Every structure is written in structure tokens, then in C-alpha cells.
Amino acid sequence: MAGGAQFFRVGDEVHAALSGHRRVVALESTIFSGLGLPSPANRECFDRCVAAVRGGGAVPALTAVIDGVAVVGVEAGDLDRVLAGTHKVAARDLASAVSGGIDVGVTTVSASLSLAARAGIEVFATGGIGGVHRSSEVTGDVSHDLVALSRHRVVAVSSGAKAFLDLARTLEYLETLGVPVAGWRTDRFPAFYVRDSGLEVPTMVSSGDEVAAMLRGAAAVGHPGGVLVANPIPEGAELDPEQINEALEEALADIEREGLRGPAVTPVLLDAIAAATDGLSVDANLALAQDNARVAAEIATALAR
Ligand code: PSU
Ligand code: MN
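A few points on the structure. (Residues numbered from 1 in each chain as written. Chains lettered and ligands numbered in written order. Predicted model: local features only at pLDDT ≥ 70, side-chain atom pairs only at ≥ 80, totals over all residues. Heavy atoms only, no water.)

### Here's the deal with the environment of Ser 29
Then step 1. Position of Ser 29 relative to the elements: it lies in the loop between strand E2 (24-27) and helix H2 (41-55).
Then step 2. Expressed as a C-alpha distance, the spacing of Ser 29 and Val 229, which sit 200 residues apart in the sequence, is 19 Å.
Then step 3. Not counting residues within four places of it along the chain, the set of residues in contact with Ser 29 comprises Leu 62, Thr 63, Ala 64, Val 82, Gly 105, Val 106 and Thr 107.
Then step 4. Reaching out from Ser 29, the side chain makes a polar contact with the backbone oxygen of Thr 63 at a distance of 2.7 Å.
Then step 5. Among the polar contacts listed, one links the side chain of Ser 29 to the backbone nitrogen of Thr 107, at a separation of 2.9 Å. (Helix = DSSP H or I, 4+ residues; strand = E, 2+ residues; numbered from the N terminus. Contact = heavy atoms within 4.5 Å. Polar contact = N/O pair within 3.5 Å; in protein donor to acceptor, adjacent residues only side chain to side chain.)

Here's what the structure looks like:
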């Protein structure tokens, strides 16, 4: 087949939306799999994100690899398989996932941004992006999510980067890559489970229209890449910083002891934090992901005007 069309598909509802009202929000699938959240919270998270996107008048486009096809807009019949997926697919894994015909691949932020851009979707929502890992000076572990943001003209809404990362260096790296970072109604970079990391963001935005103008502005001046919108967790859902920090230290020590490296690190850390907080981190994760989906729908609506 010409152009590798057998490797890429846009779901019917998403396709119709893109050729009509254009209000579409892409979603990654790693967060909704067991790698991101324990069952049944993973499905609840997905349902709440979808409801938030639809509530904002937009169409959700879940990305995943299914039977060797990179799909934008997973359809209901394939959802269970995706939620049960255990094969993590970042952007660089997409090529081998489709050429090798893998059964199910759950997409990370980087893979999802790449597929969203390919489909013509301009807005994406998740919980937290990957970033610069603590001790990256030893391991070299910096998520490709950051590079993907600099490459694809897509607005990504997240509650900052995951809290167990080195947030200061993550912000520095975003600057190195030239990724605009905008705080949603805040001038502080959020720390996932808590609203304020103590670090400042360069820009503050307070409406979907402002974000839409930023993306259009980037295109107009020839700046490549997207915009990271950092939306703090809703106030009522915020966790106690002391408790979360203790849980993080414990989880990081476990990783160190087990000598884990690479893509396996994030899922293990998320699990350890959930255990150390008696599941409170999972509730917080759901609340922030849902709110990011809501904000993303608002931005998608503004971009479609
Ligand atoms: N944040 C979460 N849950 C997740 C992830 C992030 O709260 O499951 C996933 C996202 O898919 C993100 C990926 O793109 O972890 C980053 O993995 P790594 O650190 O290996 O780049
Ligand atoms: Mn990594």
C-alpha cells in the first residue's frame, strides 16, 4: 500500500470531527493502562477524561497501536484491549510497533503527540509529562516527551511533569529545546500532586483563546513545536507535600536498590507512590487528569473558532 497507509488509521468519529467542527483532544494511552494506574482506577480515569472532553464540546481521540496499526481515535470495541495493554510505546518505538505488527501498544506522551500531529489534531491532554529524571547526570534518562513537544505543533495540557522527576532541570531542558511553557492561571510550575513546585513559568495564560493565540503566534513567527500548558491539580484534590515527598523518597530508593533503568522506571515509581500513599496518589492523579482534559477541550474550542 502506498505511503504506509496500512500502518495508520484515524477513527471514524475523530475523522468526522476533523473535517467538520475541528474540536478534538488527543489522549495518550499509557496513563489509562496498568502501567499508568492500577485497575480499576485506570478505566475510571479514562471515563472521566472522556466525559470532560465531551462536556467541553470536543471529541476525544485516544491513541494506541492495535494489531500493528497506529490508531488515533480508538473505537469502543478495542478499548478493553488498550486498557489491558502492557507494551509501552514511545515515539521512537512506533516504527517497530507497526512494522512488527504488535498486538497492543500503549502510547506515551511522545508517541501520542507524534500521532496527533500526523492526524492534524492541535490539542492533547494527559496527567503529567515525562521529563528529566533525578540522577540523570548518571543515567542520562531524559524523557523523549520533551523533545516531542519541541517537534510537533500541538498544545499539551498537563499538571507539569511527574513529581518524582527533577522539575528544575525539566524546566531548563524545555528552555534548551525552545518549548514555550504557560501556566494555566498561575505563574508557578505545578508539581503534579501539589499545585506549586516553587519554580516559576515564563508565561501565564487564563483562557483557551490566549493559548490558541500562542499556538497561532508560534506558527506565524516560524517557531517549530507546540506549547506546554501547565495546569495545577484542582485545589480540593491536592495532596500534602510532606506526605508525598516521603513517598517519593521511598519509591526512588526502591528503584535505586533494584537497579531499574529506562522505560521500566516510571511505572514502578507510580506503583510505589500509590502504595506509600494508600491510594491517595491515584485519586489525585484522576482529579488532575480530568481537569487537564477539561482545559484541553476549552483550548480546542478556541482553536476551532
Ligand atoms: N504520568 C503519569 N502516568 C503515566 C505517565 C506519565 O501520571 O503513566 C507516562 C506517560 O505516558 C509519559 C511516560 O509519556 O509515562 C513517560 O515515560 P518515560 O519517563 O519512560 O519517558
Ligand atoms: Mn526515559
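### Notes on the pattern of salt bridges
Then step 1. Under the definition given, this model contains 17 salt bridges.
Then step 2. Across the pair Glu 13 and Arg 54 runs a salt bridge, and its minimum N-O distance is 2.8 Å. Taken as a pair, Glu 13 in helix H1 (residues 12-19) and Arg 54 in helix H2 lie far apart in primary sequence, 41 residues in all.
Then step 3. Arg 195 serves as the salt-bridge partner of Glu 235, at 3.8 Å between the closest nitrogen and oxygen. Note that Glu 235 is positioned in the loop between strand E13 (227-230) and helix H10 (241-258) and Arg 195 in strand E11 (residues 194-200), a separation of 40 residues in sequence.
Then step 4. Arg 195 gets classed as partly exposed once you look at its relative accessible area, which sits at 25%.
Then step 5. What you see here is one network of salt bridges that share partners, running through Asp 67, Arg 81 and Asp 103. (Salt bridge = Lys/Arg side-chain N within 4 Å of Asp/Glu carboxyl O. Buried < 20%, exposed > 50% of the residue type's maximum accessible area, 1.4 Å probe, protein only.)

### Notes on the site of ligand 1
Then step 1. For ligand 1, the set of nearby residues contains 17 residues, the closest of which are Glu 28, Lys 88, Val 109, Ser 143 and Asp 145.
Then step 2. Residue Val 109 places a main-chain N or O atom 2.8 Å away from an oxygen atom belonging to ligand 1.
Then step 3. At 2.7 Å, a side-chain N or O of Asp 145 approaches an oxygen atom of ligand 1.
Then step 4. Because more than half of its atoms lie within 2 Å of the grid, ligand 1 is assigned to the largest pocket.
Then step 5. Looking at the shell around ligand 1, its residues break down into five nonpolar, eight polar and four charged. (Near = heavy atom within 4 Å. 1 Å grid on protein atoms, 1.4 Å probe; cavity = no way out; pocket = protein on both sides within 12 Å on 5 of 7 lines; lining within 4 Å. Sits in = over half its atoms within 2 Å of the grid points. Nonpolar A, V, L, I, M, F, W, Y, C, P; charged D, E, K, R; others polar.)

### Concerning the packing of aromatic side chains
Then step 1. Overall, the coordinates contain two aromatic pairs when judged by the stated rule.
Then step 2. For the ring pair Phe 32 and Phe 46, a centre distance of 5.3 Å and an interplane angle of 80° mean the geometry is edge-to-face. Of this pair, Phe 32 sits in the loop between E2 and H2 while Phe 46 sits in helix H2, and the two are 14 residues apart along the sequence. The pair formed by Phe 32 and Phe 46 is uniform in burial state, with each residue classed as buried.
Then step 3. Judged by centre distance (4.7 Å) and plane angle (80°), the rings of Phe 192 and Tyr 193 are edge-to-face. Residue Phe 192 shares its accessibility class with Tyr 193, and that shared class is buried.
Then step 4. The ring of Phe 8 has Arg 118 lying over it, and the distance from NZ or CZ to the ring centre is 4.1 Å. (Phe/Tyr/Trp six-rings, centres within 6.5 Å; stacked < 30°, edge-to-face > 60°. Lys NZ or Arg CZ within 6 Å of the ring centre and 35° of its normal.)

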